Amino acid sequence: MAMFLEMSFWFLAAAGSVFLLGALAGRKKPAAIALPVLAAMVLMLLLTAIFDNLMIFAGLFDYGTHTLSGLRIGLAPIEDFAYAACAVLLGPGLWWLFEALASRRKGSGHSIPPNDKA
């Protein structure tokens, strides 16, 4: 397996884990988040396909073939799409995790004291 494809799988697994943990911590209902996340994923992957192909066609950058799988969508290597998918999963996942952490701190009375020395 090509190095970047394998690395992409690990990043996607980590992003998916953060997304699931965030959804659980934020007590999000799957039916409520499925459509927005699917729409964001489709949009990000479509934009990645368009702009990666344009930038590669324009000669702004190129990839060495020894580290890639060889699978492409147009000129864009399939590995590039993992970054967009990770962003879609990490964004809301981290948001929900931090939101849950803040609400737990607020509810327990533990908070960070203000910095009076500023």
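Up top is the structure.
Residues numbered from 1 in each chain as written. Predicted model: local features only at pLDDT ≥ 70, side-chain atom pairs only at ≥ 80, totals over all residues. Heavy atoms only, no water.

Caption draft 1: Seen up close, the overall build of the protein. On a plain count of helices and strands, the protein comes out with 3 helices and 2 strands. Element order for the protein, N to C, with α for helix and β for strand: α-α-β-β-α. With 118 residues in all, the protein has 29% of them scored as buried. Contacts in the protein between residues at least 24 apart in sequence constitute 69% of all its contacts with a sequence separation of at least 6. Accessible surface for the protein amounts to roughly 8,400 Å². Of this, 73% is attributable to carbon and sulfur atoms. (Helix = DSSP H or I, 4+ residues; strand = E, 2+ residues; numbered from the N terminus. Buried < 20%, exposed > 50% of the residue type's maximum accessible area, 1.4 Å probe, protein only. Contact = heavy atoms within 4.5 Å. Areas by Shrake-Rupley, 256 points an atom, 1.4 Å probe, with all protein chains shown as cover.)

Caption draft 2: Inspection of the side chain of T67 at higher detail. Mapped onto the elements of the fold, T67 is located in the loop between α2 (30–57) and β1 (72–73). Its relative accessible area of 14% is what places T67 among the buried residues. Not counting the four nearest positions on each side in its chain, T67 is found in contact with A2, M3 and F4.

Caption draft 3: View of the pattern of salt bridges. A full pass over the atoms with the stated rule returns 1 salt bridge. Taking the shortest distance from any N to any O, the salt bridge between K28 and E99 comes out at 4.0 Å. Highlighted residues: K28 in the loop between α1 (3–25) and α2 and E99 in helix α3 (residues 80–108), separated in sequence by 71 residues. Residue class for E99 comes out partly exposed when judged on its relative accessible area of 40%. (Salt bridge = Lys/Arg side-chain N within 4 Å of Asp/Glu carboxyl O.)

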